[in-house]
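# Residue-level structure breakdown
These are the residues of each chain, in order.
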Amino acid sequence: MINKLNITTGYKEGKSYLKDTFFTPPFRVANISEDKTDPALYLMIMSSSPGILDGDRYEIDLKIEKGSCFQMQSQSYQRLFNMKTGAEQYINIELEEGAVFSYVPHPVVPHEESVFKSKSVIKLKDKCSLVLGEIITCGRKHSGEIFKFSRFHNLVEVYHNQKMILKDNVLLQPQVTDMNTIGQTENYTHQGTLMYANTSGADLENLPNIIHEMFKEDQDIVFGVSHSSQNTVVVRMLGNGGEKLHNSFKQIQKYLWLQDTDKENRFINAHAEEIVL
């Protein structure tokens, strides 16, 4: 079944708004903006389906127009059910000049024998900011389904003015590769990746130190931060609970969101000890 979601956000008189939307079942879109003084747009993507089913194909297109600030939120954990042929997801995101987009969805739960492939292509113009997170669980851990899924493949490509600035390729095949070995999850059950790109010329040199400072006392996770290029930073995190990783990523998202939606100051120049969340 082909499921489509198209969202276009606009910016007018200092405020971001939902300019256009189109979706087919099981998608639904809810405006969850609460503070009327907040010029940003907050939307929750909801679904009437219990999860992604065998043969499903999700096609998602997002366009964030010039100056628009858009934070998208998920409703709940995304379940990938038992499959024979597999399911696919294709995401296309375009940020026009000065746009901000942030999305840290709930974790993905791949059930036994699930097969899933996802590809995201994100195109940024100048003075844009992007936060994109993904958390993958081992499956239904409390039901004994630990790494029982067949295949999970997620490819993300980020471009700035048609030049690739970041590529992330995650391929998990627990029935082929032992997930507990070095280079895999190494006895952890959950893993996450958070990508940040800023094309405004911001100095990101200190951002890895800020993130390290956030979690240096946390004994429940292990993580690493890479300043992979002049305008990108990637966080990798391992843990044993989806909620833990999700809350950690939301903490980073909150910090970056406050920085990037400040129209008077789009540069990250804070010191770690000055963080107040």
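Residues numbered from 1 in each chain as written. Predicted model: local features only at pLDDT ≥ 70, side-chain atom pairs only at ≥ 80, totals over all residues. Heavy atoms only, no water.

### Details of helix H1 (residues 207-215)
- Regarding H1, the residues found buried are Leu-207, Pro-208, Ile-210, Ile-211, Met-214 and Phe-215. Summarising the axial view, the buried residues of H1 lie within an arc of 160 degrees, below the 170-degree limit, and thus occupy one face. (Buried < 20%, exposed > 50% of the residue type's maximum accessible area, 1.4 Å probe, protein only. Helix = DSSP H or I, 4+ residues; strand = E, 2+ residues; numbered from the N terminus. Arc of directions from axis to C-beta.)

### A closer look at the sheet that holds strand S8 (residues 87-95)
- In space, the seven strands of this open sheet follow the order S2-S1-S5-S8-S11-S13-S14, with mixed pairing throughout. The sheet terminates laterally at strand S2 (15-23) and strand S14 (163-172), the two strands that pair on one side only. Sheet twist, expressed as the mean angle between neighbouring strand axes with direction ignored, is 10 degrees.
- Of the strand pairs in this sheet, strand S5 (residues 57-64) and S8 are connected by eight bridges, and their pairing is parallel. The partner of Ile-60 across the bridge, within S8, is Ile-91. (Pairing = 2+ DSSP bridges. Axes fitted to C-alpha atoms, helices over the stretch in contact; angles between N-to-C directions.)

### Let's talk about the packing of aromatic side chains
- For the coordinates displayed, the defined rule picks out seven aromatic pairs.
- Between the aromatic rings of Phe-116 and Phe-152, the centroid separation amounts to 5.7 Å while the plane-to-plane angle is 35 degrees, which identifies the pairing as tilted. A residue pair is termed long-range when its members are at least 10 positions apart, and Phe-116 in strand S11 (residues 115-124) and Phe-152 in strand S13 (residues 151-160) qualify at 36 residues. Across the pair, exposure class does not vary: Phe-116 and Phe-152 are buried alike.
- These aromatic residues form a ring-pair network of at least three members: Phe-70, Phe-101 and Tyr-103. (Phe/Tyr/Trp six-rings, centres within 6.5 Å; stacked < 30°, edge-to-face > 60°.)

### Remarks on helix H2 (residues 242-260)
- Compared with the 27 Å implied by 1.5 Å per residue over 19 residues, the 26 Å span of H2 between its first and last C-alpha is a close match.
- Those residues of H2 lying buried are Gly-242, Leu-245, His-246, Ser-248, Phe-249, Ile-252, Gln-253, Tyr-255, Leu-256, Trp-257, Gln-259 and Asp-260. (Expected span 1.5 Å × (residues − 1).)

### Quick word on the environment of Ser-129
- Take Ser-129: it is sitting in strand S12 (residues 129-136).
- Classification of Ser-129 as buried rests on a relative accessible area of 1%.
- For the pair formed by Ser-129 and Thr-199, sequence separation is 70 residues and the distance between their alpha carbons is 6.5 Å.
- There is a polar contact of 2.4 Å between the side chain of Ser-129 and the side chain of Asp-260. (Polar contact = N/O pair within 3.5 Å; in protein donor to acceptor, adjacent residues only side chain to side chain.)

### A look at the pattern of salt bridges
- Inspection of every chain in the model, using the stated rule, returns nine salt bridges.
- Two residues, Lys-244 and Asp-218, come together in a salt bridge whose shortest N-O distance is 2.6 Å. In this pair, Lys-244 sits in helix H2 while Asp-218 sits in the loop between H1 and strand S16 (222-229), placing the two residues 26 residues apart along the sequence.
- With a relative accessible area of 19%, Asp-218 lands in the buried category.
- Salt bridges sharing partners connect three or more residues here, namely Lys-4, Arg-57, Glu-59 and Glu-88. (Salt bridge = Lys/Arg side-chain N within 4 Å of Asp/Glu carboxyl O.)

### Some words on the side chain of His-111
- The residue His-111 is located in the loop between strand S10 (108-110) and S11 in this model.
- Overall, the relative accessible area of 3% leaves His-111 in the buried class.
- Residues in contact with His-111, not counting those within four places in the same chain, are Arg-79, Leu-80, Phe-81, Asn-82, Arg-140, Glu-145 and Phe-149. (Contact = heavy atoms within 4.5 Å.)

### Details of unusual backbone geometry
- In this chain, Pro-25 is followed by Pro-26 through a cis amide linkage whose omega measures 10 degrees.
- One can find Pro-26 in the loop between S2 and strand S3 (27-31).
- At Phe-147, a residue that is not glycine, the phi angle is positive and equals roughly 55 degrees.
- A positive phi angle, close to 75 degrees, is found at Asn-187, a residue other than glycine.

### Some thoughts on the state of the cysteines
- Summed over all chains, the structure comprises zero disulfides.
- Distance from the sulfur of Cys-69, which forms no disulfide, to the nearest cysteine sulfur (Cys-128) is 10 Å. (Disulfide = S-S within 2.5 Å.)

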